[in-house]
Amino acid sequence: MSGKNYQFKVVLLGEGCVGKTSLMLRYVQDKFNEEHLSTIQAAFLKKKIRIGSNSVELAIWDTAGQERYHALGPIYYRASNGAFLVYDITDIDSFERIKSWVKELKTSLGNNCILCIVGNKSDLEKNRNVPIKEAEEYAKSVGAKHYSTSAKLNHGVNELFLDISKRMAEKAESSQSTESNNAQNGSSSTKRNVIQVVDDSETNQTDKKTGCC
Ligand SMILES: Nc1nc2c(ncn2[C@@H]2O[C@H](COP(=O)(O)OP(=O)(O)OP(=O)(O)O)[C@@H](O)[C@H]2O)c(=O)[nH]1
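Residues numbered from 1 in each chain as written. Predicted model: local features only at pLDDT ≥ 70, side-chain atom pairs only at ≥ 80, totals over all residues. Heavy atoms only, no water.

Enquirer: Looking at this structure, how should I read the site of the ligand?
Expert: Around the ligand there are 25 residues in total, and Lys20, Ser22, Asn33, Glu34 and Thr39 lie nearest to it. The contact in question runs from an oxygen atom of the ligand to an N or O atom on the side chain of Thr39, over 2.7 Å. Within the side chain of Asn120, an N or O atom sits 3.2 Å from a nitrogen atom of the ligand. Surface burial for the ligand is 94%, taken as the share of its 660 Å² of free accessible area covered by protein chains. Partitioned by chemical class, the residues of the shell around the ligand number six nonpolar, eleven polar and eight charged. (Near = heavy atom within 4 Å. Polar contact = N/O pair within 3.5 Å; in protein donor to acceptor, adjacent residues only side chain to side chain. Areas by Shrake-Rupley, 256 points an atom, 1.4 Å probe, with all protein chains shown as cover. Nonpolar A, V, L, I, M, F, W, Y, C, P; charged D, E, K, R; others polar.)

Enquirer: I would appreciate a short explanation of the nonpolar core in the present structure.
Expert: Soluble globular proteins tend to pack their nonpolar side chains together in the buried interior. Counting 29 residues, the largest nonpolar core has Phe8, Tyr27, Leu58, Ile60, Phe84 and Phe161 as the members making the most contacts within it. Of the residues forming this core, the biggest block, seven residues, is contributed by helix α5 (residues 157-185). Leave out the neighbours within four places in its chain, and Tyr27 touches Lys47, Ile49, Leu58, Ile60, Val157, Asn158 and Phe161. Counting 27 residues, the second-largest nonpolar core is a separate cluster that includes Tyr77, Leu105, Leu115 and Val142. (Core = buried A, V, L, I, M, F, W, Y, C linked by side-chain atoms within 4.5 Å. Buried < 20%, exposed > 50% of the residue type's maximum accessible area, 1.4 Å probe, protein only. Helix = DSSP H or I, 4+ residues; strand = E, 2+ residues; numbered from the N terminus. Contact = heavy atoms within 4.5 Å.)

Enquirer: Would you mind showing me how to read empty space enclosed by the protein here?
Expert: Empty space among the atoms becomes visible once a probe the size of a water molecule is rolled across them. What the rule picks out here adds up to one cavity of 30 Å³ or more. Computed from the structure, the largest cavity encloses a volume of approximately 40 Å³. Surrounding the largest cavity, Gln41, Thr63, Ala64, Tyr69, His70, Leu72, Gly73, Tyr76 and Trp101 form its lining. For the lining of the largest cavity, a count of residues per class yields five nonpolar, four polar and no charged. (1 Å grid on protein atoms, 1.4 Å probe; cavity = no way out; pocket = protein on both sides within 12 Å on 5 of 7 lines; lining within 4 Å. Points joined across faces, edges and corners; volume = space filled by probe spheres on them.)

What follows is the structure, encoded as structure tokens:
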């Protein structure tokens, strides 16, 4: 039996300077920049991966963390299949900030979006200000999974994107079987995940960057 082709949208949210852009660039281009250039509005990259016999194309949206861009959030997280709520393990305020993103996403997207709480900069463990236990417990309390990453050292980054991809594929799979059961039973439901044949072009919109944190 041939595999399926999935297309998923994932969005990176979190305060400025926590490493959202760095995680995306590390994953897609295996690059890391020591400099911080604030994202303006948003940028996105695509990446295609294989999970077993299935093909998954990720459209990864990196949003601007600066408060003045907050109101643009819904434009970018709309219809997302998954979201990374990123904080910096050395910055407690950035951890507090993701809690309001979680509330907002749950209100706007309900349980349709897979939430991942990401503690980035794990290479700075000696400066940690967010207790790992607290972060993991918080993630569990909101039905999310917690991940530790270092975009700088490339720790946990592939695993993060692979895991969310698998979870989104599983969710798509289960909503399709619900769909098909409903169709057989003559009832209807809303379907959010799209299966499509994907093309090979890698798109890079860099509507960024200026300044520094
Ligand atoms: N030590 C360390 N520094 C990191 C890591 N990830 C990112 N940085 C640094 O943190 C700074 C901010 O990284 P960005 O990826 O630009 O942060 P951002 O969240 O996209 O910031 P905005 O675009 O303002 O929202 C840069 O100086 C990066 O080099 C990491 O894993 N470890």
